[in-house]
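What follows is the residue order along each chain.
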Amino acid sequence: MEEIVGFSRAVRVGSFIAVGGTAPVDVNGKTLGIGDVYAQPKQCFEIIKAALEHVGSGLQDIELTRVILTDINNWKDAIEARKLYCRDARRDLAASARAPGMHC
């Protein structure tokens, strides 16, 4: 996907790693898990996990995550998926937000 859009998924500067915004897409840019608030974050975290590993890090080093939902009432499913990947994070600050104009 990065080649299609033209950006870096993760960039390391010293000990700091920034991961770009991640959508639940496959390698061809096709959205996965449409309407599935549990499957979409799982796909995002798989992408993030691979990006972190590519720059010599891992999910245990996450310090901040943001989950953006079209319906804030679906937060529990999104957070259950997030917990699968962030349980071992040293100090993850989690934030959720509602984005009413997004359609996933």
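A brief structural summary. Chains are numbered independently. Their residues run from 1 in the order of the written sequence. Local features are withheld for residues below a pLDDT of 70 in this predicted model, meaning they are given only at 70 or higher, and side-chain atom pairs are given and counted only at 80 or more; totals for whole chains, interfaces and linings count all residues. By convention in this description, side-chain values take in all heavy atoms of the structure and omit both hydrogens and water.

1. As for the overall build of the protein
And step 1. Here a strand is any run of E in DSSP of at least two residues, a helix any run of H or I of at least four, and the numbering for each starts at the N terminus. When helices and strands are counted, the protein shows three helices and four strands.
And step 2. Starting at the N terminus and ending at the C terminus, the protein contains elements arranged as α-β-β-α-β-α-β.
And step 3. We call two residues in contact when some of their heavy atoms are within 4.5 Å. For the protein, the share of sequence-separated contacts (at least 6 apart) that also reach a separation of at least 24 residues comes to 60%.
And step 4. A total of about 6,900 Å² of accessible surface is found on the protein, and carbon and sulfur atoms cover 53% of it. Each accessible area is a Shrake-Rupley result for a 1.4 Å probe, and residues are judged covered by the shown protein chains and nothing else.

2. Points about the environment of Thr 65
And step 1. Structurally, Thr 65 is set in strand S3 (residues 64-69).
And step 2. Burial classification: accessible surface area is computed with a 1.4 Å probe over protein chains only, and a residue below 20% of its type maximum counts as buried, one above 50% as exposed, and the rest as partly exposed. Looking at Thr 65, the relative accessible area reads 7%, which means it is buried.
And step 3. Along the backbone, Thr 65 and Arg 82 are 17 residues apart, and their C-alpha atoms lie at a distance of 9.0 Å.
And step 4. Polar contacts, as used here, are pairs of N or O atoms within 3.5 Å; protein pairs need one atom able to donate a hydrogen and one able to accept it. Residues neighboring in sequence count only if both atoms are side-chain atoms. At 3.1 Å, the side chain of Thr 65 and the side chain of Arg 82 are in polar contact.

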